[in-house]
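Take a look at the letters that make up each chain.
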Amino acid sequence: MAGLALLLLCFALGWSPRAQAGVANAPGANLEVSLVTYGPGDTYWERFGHDAIELRDVVSGEAVTFNYGVFDFDEKGFLLHFAAGRMHYLMDAATTEVDQKYYMDVGRSVTRQRLTFTPAQASDLRDFLLWNLQPENVRYDYDYYAQNCATRVRDALDKALGGVVKHQLENRPGGMTYRQQTARLMSQQAWLMLILDLGLGPYADQPLNAWQESFLPMVLQTEISHVTITDAQGNAHALVQDEQLLSPNRLDPPPAQAPDLRLPLALAGLIFGILLIAARRYAPMVYALLGSLYLVLAGFVGIALLVLWTLTTHHSAWANANLLLFNPLALLLIAAVWRTRRGAAVSRRIDLLIALQMLAALAAILLHLLPGVVQQNQPWILFALPCWLALTWSLRRAPFAHGTAR
């Protein structure tokens, strides 16, 4: 099997099997192991950054990077698997020069951290990466937070080092939650940041340790510099021998902290509520359009959240408390908005739906009083509450006495 892996790597990298010895067959004493981290890019799928393991044969000078960030659009059912949360990613290998050129050309930072590996550990890591590169092993089930390009690199390094990385990082607290890191890195695409924040459930708000937060390449780059190893004589050494910035960042960097969405969304909800109430009195058609717009969006958001919870493996979206604020029942109120535009009174069924929705909004507020992991959806509560209060007031208001309101 090792011979097959060697042959596959040779063909993948365009090498001839008769060429001089290199990374694929060098003894462990000749292998230099490095963690290479690429900074965030401009495109939204590049905002989380990327990383790879570099193996360098110090005798021949040959260097190869192994990464886990390749996906195949041509895979049968790719879009369906993506929607259902069953995405398959691939491992890949390329010469360091080829792999790094793209990131340097587009202005993303490239940092190399040379790691302290014994010859046996370096050889074991190389053999594992070659095994992983075989066609039957090259694919893996992708997860945004638990199984991605950084966690697979982290796990491969930890495996070769006998678990020392995981042991030490699990005992270090993380700096942010999944939600905060996601909002921070996606803040330059505000529309996508809001969609992701709306769709994330309580899973995204659990406290993280440094091992879990190393799902981000930049965090792994920082945290691995704190790892120490012990040599055969019992002496402790830093795992990172040296760190070199190969190419500086030329793009706008992400902010250091996640944006606070509470005030912007609270103001948006308040403004919408005021407009709805004013339109109810002075512009019935505008009122009906605004009310319908909100109810349609709330209803379809609720359907999407239900689908994510019940029909997909996107566990970061499960048990989303925003379902109490935006749910499919909102669609049943649209006709009532148009009837009240003409001054008609609402039915008892609509009264019941309104009461259920306000109780659901109250439940969303009370959930924050529960112990344990609480979903940090205060921004969406602050947005939805004035909207629902305005709609409730508009639907329950007595018909106008003058004809223009009818």
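Residues numbered from 1 in each chain as written. Predicted model: local features only at pLDDT ≥ 70, side-chain atom pairs only at ≥ 80, totals over all residues. Heavy atoms only, no water.

Q: Report on the layout of surface pockets, specifying residues and quantitative values.
A: Empty space within the second largest pocket amounts to approximately 430 Å³. Arg 179, Gln 180, Ala 258, Pro 259 and Gln 376 are, among the 19 residues lining the second largest pocket, the residues nearest its centre. Secondary structure elements with two or more residues in the lining of the second largest pocket: α7 (178-186) and α15 (378-396). Per-element tally for the lining of the second largest pocket: the top contributor is α7, with three residues. Partitioned by chemical class, the residues of the lining of the second largest pocket number eight nonpolar, six polar and five charged. (1 Å grid on protein atoms, 1.4 Å probe; cavity = no way out; pocket = protein on both sides within 12 Å on 5 of 7 lines; lining within 4 Å. Points joined across faces, edges and corners; volume = space filled by probe spheres on them. Helix = DSSP H or I, 4+ residues; strand = E, 2+ residues; numbered from the N terminus. Nonpolar A, V, L, I, M, F, W, Y, C, P; charged D, E, K, R; others polar.)

Q: Quick one: what's the story with the packing of aromatic side chains, residue by residue and with numbers?
A: Scanning all chains against the criterion turns up 19 aromatic pairs. Here the aromatic rings of Tyr 68 and Tyr 140 are separated by 6.1 Å at their centres, their planes lie at 70°, and the arrangement is edge-to-face. With Tyr 68 in strand β3 (residues 63-71) and Tyr 140 in strand β6 (residues 139-141), the pair connects residues that are 72 residues apart, well separated along the chain. A relative accessible area of 1% places Tyr 68 in the buried class. Its end group placed over the ring of Tyr 140, Arg 152 keeps NZ or CZ at 4.4 Å from the ring centre. (Phe/Tyr/Trp six-rings, centres within 6.5 Å; stacked < 30°, edge-to-face > 60°. Buried < 20%, exposed > 50% of the residue type's maximum accessible area, 1.4 Å probe, protein only. Lys NZ or Arg CZ within 6 Å of the ring centre and 35° of its normal.)

Q: Summarise helix α12 (residues 284-311); cite the residues concerned and give the values.
A: Under the 1.5 Å per step criterion, the end-to-end length of α12 is 39 Å for 28 residues, consistent within 8% with the ideal 40 Å. Here α12 has its buried residues at Pro 284, Tyr 287, Ala 288, Gly 291, Ser 292, Tyr 294, Leu 295, Ala 298, Gly 299, Gly 302 and Leu 305. The elements touched by buried residues of α12 are α8 (190-199), α11 (262-282), α13 (334-341) and α15. (Expected span 1.5 Å × (residues − 1). Contact = heavy atoms within 4.5 Å.)

Limitation: the analysis is restricted to geometry and does not speak to function.
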